[in-house]
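Residues per chain are reported as follows:
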Amino acid sequence: MDKKRRNKESSKTTNSNNQHKCTLHTVIELINNQEHCGILTKKFQFLPEYGDGYLEYNHFDGLHIAVFDVSLNKDFNVYGTHMVNALELSYLIDGEQIIKIDGKNYDLIYESQESYLVYISQTSGSIKYHKNKYFKEIKIRMSPDFIKKHKLDSEYGIREKYELEKQDKEFTKPLCTKTQEILAELLTDTRQGLLKRLFLESKVLELLSLQLDIQKNSKTEISNTDNLIKKLYEVQFIINSDLTIQYSVHELTRMVGLNDFILKKEFKRVFGTTIFEYALNLRMTKAKKLLQHGKKPIYEISELVGYKNSTHFTAAFKKLEGITPKKYRQRGLETIR
C-alpha cells in the first residue's frame, strides 16, 4: 500500500483502535538494569500479548540511544507526551510506523529503510504499530547540552530547521550505504565501559554528520516513495550486517519479497556491481584489515568473513588480490619495518 493511500486510511482507522491505547511502558517490562563508567543501560522485554522482542537503551552525557527489535502480535497505538527538548535521529531498519502529532491534520508515514531528523519540544501524539510485522529501529536523542557542546544550533540552526511541528509528509530520508555500515557496527558492537561510551558518541556524531549532509542536499540518490529501491538497500544492509553469513540470492529474495531476476538486475543497475561481487569485496576488505592490523590465524579470519573452509578463502583471496593471505600479511609486516 503506498503512502498516499495509507495516509488517508490511517486517520480513519485511528479511532477504531482506541481499545489498544497504551504508553510504551505498558507494553514492556524491565529485565536488566545496570550502570558502568557513567553509562546507564536498561533492557526491556515486550509483554507476550504485544510481541516477541526487546527494547534496549544506553544513556550518558546527554545521549539516549535506543534499539527496538520485536515481532508484533497485535495492532496498537502508543501514546505519549514529550516535555523535554531534544534532537531526535531515527533509523527504521525494518517495519512501519504511522505517526500522529497532536495539532496536525495529517499523519506522518515512516517506512522500512528510512530515517528522520527532528527537534522535539513539548510534543504529544501517538505512534501506530501493525501486527504481524517485524520491527527494528535505532533511535537517538540528543539533549540541549549535547547540542550546545557540539555547536549544532549556532552553526546549523537545528531547532529552527528541524522542529517537529514544521515537518511535512516527506520528512523522511532513505538510508544510504555509509549509514547502513555504521548502523551495522552499532548493532554488533560488544564493547563495555569507557570504550563503549567513546564508541557510541563517535558513531552518533558520524551518523549526525551524514544526516545533516543528506538533509542539506535536496537531490537525494533515491526517491522516498520508491519501494523497489528501498528493498535493494535492505539487501545491502543484510549483507553488511553479518559477513560471517554467505546468503544466496534466493535467500535474499525471500527476505525482501523480490524475485531472483528483478533483484539481480536492479541491484546491478543501482549499485554498479553484482550481489556476489559486492559481498566478495566487503569480505576481502575486512580480511585485509584483519591481516594487516591483527594477529588472528588465517583459519579464524576466513570464518569471520564467511568461509568455513580456509582453503576456499585462500583461493578466493588470491584470485582477487594476486597473492595468498599469508603473503599479504608478510608483505604488510615488511612495509612497517
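Each value, and the rule that gives it
Residues numbered from 1 in each chain as written. Predicted model: local features only at pLDDT ≥ 70, side-chain atom pairs only at ≥ 80, totals over all residues. Heavy atoms only, no water. Helix = DSSP H or I, 4+ residues; strand = E, 2+ residues; numbered from the N terminus. Buried < 20%, exposed > 50% of the residue type's maximum accessible area, 1.4 Å probe, protein only. Areas by Shrake-Rupley, 256 points an atom, 1.4 Å probe, with all protein chains shown as cover. Core = buried A, V, L, I, M, F, W, Y, C linked by side-chain atoms within 4.5 Å. Salt bridge = Lys/Arg side-chain N within 4 Å of Asp/Glu carboxyl O. Contact = heavy atoms within 4.5 Å.

Caption draft 1: Quick peek at the overall build of the protein. Across its full length, the protein carries 13 helices and 13 strands. By residue count, 47% of the 337 residues in the protein fall in the buried class. As presented, the protein carries roughly 18,000 Å² of accessible surface, and 50% of it is formed by carbon and sulfur atoms.

Caption draft 2: Representation of the nonpolar core. Membership of the largest hydrophobic core comes to 31 residues, with the highest contact counts inside it found for L87, L89, I140, M142, L183, L207 and L208. Of all elements in the fold, only β5 (63-72), β7 (86-94), β10 (114-120), β12 (134-142), α2 (144-149), α4 (158-162), α5 (177-188) and α6 (193-216) reach the threshold of two or more residues within this core. Element by element, the count of residues in this core is highest for α6, at seven residues. Ranked by size, the runner-up nonpolar core spans 29 residues in total, among them C22, Y50, L72 and I99.

Caption draft 3: A look at the side chain of K136. Among the structural elements, K136 can be located in strand β12. Residue K136 is classed as buried on the basis of its relative accessible area, which comes to 17%.

Caption draft 4: Region of interest: the pattern of salt bridges. Counted under the stated rule, the structure contains 17 salt bridges. For E181, the salt bridge goes to K178, with nearest N and O atoms at 3.9 Å. Of this pair, E181 and K178 are both found in helix α5, three residues apart, which corresponds to roughly one turn of the helix. A residue is classified by how much of its surface remains accessible, and E181, at 26% relative accessible area, is partly exposed. Within the structure, one salt-bridge network assembled from shared partners comprises K178, E181, E185, K203 and E206.

Caption draft 5: Spotlight on the environment of Y278. Position of Y278 relative to the elements: it lies in helix α10 (residues 275-293). Y278 gets classed as buried once you look at its relative accessible area, which sits at 12%. Residues Y278 and N240 lie 38 residues apart in sequence; the distance between their C-alpha atoms is 9.7 Å. The contacts of Y278, once residues within four sequence positions are left out, are T177, Q236, I239, N240, F267 and T273.

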